[in-house]
Amino acid sequence: QVQLVESGGGLVQAGGSLRLSCAVSGSIFSIYEMGWHRQAPGKQRELVAVFTRGGRSNYTDSVKGRFTISRDNAKNTVSLQMNSLKPEDTGVYYCNAQILGGLGYVSYWGQGTQVTVSS
């Protein structure tokens, strides 16, 4: 059974920083992509940052220069360093991974971690 567990969310003042982490465990042969999405109040879930095929990272425009995604392939973890946080960054952040297992590649999601940025 594959599980994704996020940690590191919380309350922070505008301009502050948080670091989110996601640990993947279970029956895994390989991981194709790992990334982060977020769901802000009243908005659709959006991609924040992701590692694409080949190990390249992409970011949504609103976080470029402020957020950094990193991945530890050996430990099957992905982190999101968030600096210069703004109130509009508030939302539930979800870890996502495309994992090769017995049924082929399947997209898995964590339960989410709340990030709240106060002004």
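Details of the structure are given in the entry above.
A quick note: this is a predicted structure, and the numbers were derived from the prediction, not measured.

Novice: A description of the overall build of the chain should follow, citing residues and the corresponding values.
Specialist: What the chain contains, in helices and strands, is zero helices and 11 strands. Whereas a compact globule of 119 residues would reach a radius of gyration of roughly 14 Å, the chain reaches 14 Å, a difference of no more than 12%. In terms of its C-alpha atoms, the chain occupies a principal-axis envelope of roughly 45 × 25 × 25 Å. Within the span of the chain, comprising 119 residues, buried residues form 39% of the whole. Considering only intrachain contacts with a sequence separation of at least 6, the fraction spanning at least 24 residues in the chain is 56%. Split by element, the accessible area of the chain, about 6500 Å² in all, is 47% carbon and sulfur.

Novice: So what's going on with the pairing of strand 4 (residues 30–39)? Which residues, and what values?
Specialist: The buried count for strand 4 comes to seven of 10 residues, which makes it a mostly enclosed element. In this sheet, strand 9 (residues 91–101) lies alongside strand 4 in antiparallel orientation, the contact comprising nine bridges. Across the sheet, I31 pairs through a bridge with I99, a residue of strand 9. Summarising the sheet, strand 4 and strand 5 (residues 46–51) pair through four bridges and their orientation is antiparallel. Bridging from a neighbouring strand, G35 pairs with V50 of strand 5. Counting the residues that bridge the hairpin from strand 4 to strand 5 gives six residues, and of these G42 lies at a positive phi of roughly 75°.

Novice: Go over the pattern of salt bridges, please, and point to the residues and values.
Specialist: One pass over the structure, following the stated rule, counts four salt bridges. D61 is the salt-bridge partner of K64, the closest N and O atoms lying 3.0 Å from each other. For D89, the salt bridge identified is with R66, shortest N-O distance 2.8 Å. Taken together, the residues span a long stretch of sequence, with D89 in the loop between strand 8 (77–82) and strand 9 and R66 in the loop between strand 6 (57–59) and strand 7 (67–72) at a distance of 23 residues. With relative accessibility at 1%, the residue D89 sits in the buried group. One connected set of salt bridges, linked through shared partners, spans R38, E46, R66 and D89.

Novice: So, the nonpolar core: which residues are in play, and what are the values?
Specialist: One finds W36, L80, M82 and Y93 to be the most contacted residues of the largest nonpolar core, which totals 26 residues. Where this core is concerned, the elements lending two or more residues are strand 3 (18–25), strand 4, strand 5, strand 7, strand 8, strand 9 and strand 11 (113–118). Those residues in contact with L80 that lie beyond four places of it in its chain are L18, R19, L20, W36, V48, A49, F67, T68, I69 and Y93.

Novice: Break down unusual backbone geometry for me, citing the residues and quoting the values.
Specialist: Of note in the backbone geometry, N76 takes a positive phi value of approximately 55° without being a glycine. Positive phi is not limited to glycine here, since S84 has a value of about 50°. Relative to the helices and strands, S84 resides in the loop between strand 8 and strand 9. With a relative accessible area of 39%, S84 lands in the partly exposed category.

Novice: Please provide a residue-by-residue account of the side chain of T90, values included.
Specialist: Inspection of the secondary structure assignment puts T90 in the loop between strand 8 and strand 9. A relative accessible area of 16% places T90 in the buried class. In this structure the side chain of T90 is engaged in a polar contact, spanning 2.9 Å, whose partner is the backbone oxygen of P87. Within the structure, T90 has its side chain in polar contact with the backbone nitrogen of V117 (distance 2.9 Å).

Criteria and thresholds
Residues numbered from 1 in each chain as written. Predicted model: local features only at pLDDT ≥ 70, side-chain atom pairs only at ≥ 80, totals over all residues. Heavy atoms only, no water. Helix = DSSP H or I, 4+ residues; strand = E, 2+ residues; numbered from the N terminus. Rg over C-alpha atoms; globule rule 2.2 N^0.38 Å. Buried < 20%, exposed > 50% of the residue type's maximum accessible area, 1.4 Å probe, protein only. Contact = heavy atoms within 4.5 Å. Areas by Shrake-Rupley, 256 points an atom, 1.4 Å probe, with all protein chains shown as cover. Pairing = 2+ DSSP bridges. Salt bridge = Lys/Arg side-chain N within 4 Å of Asp/Glu carboxyl O. Core = buried A, V, L, I, M, F, W, Y, C linked by side-chain atoms within 4.5 Å. Polar contact = N/O pair within 3.5 Å; in protein donor to acceptor, adjacent residues only side chain to side chain.

Note that all results are geometric; they support no functional claim without further evidence.
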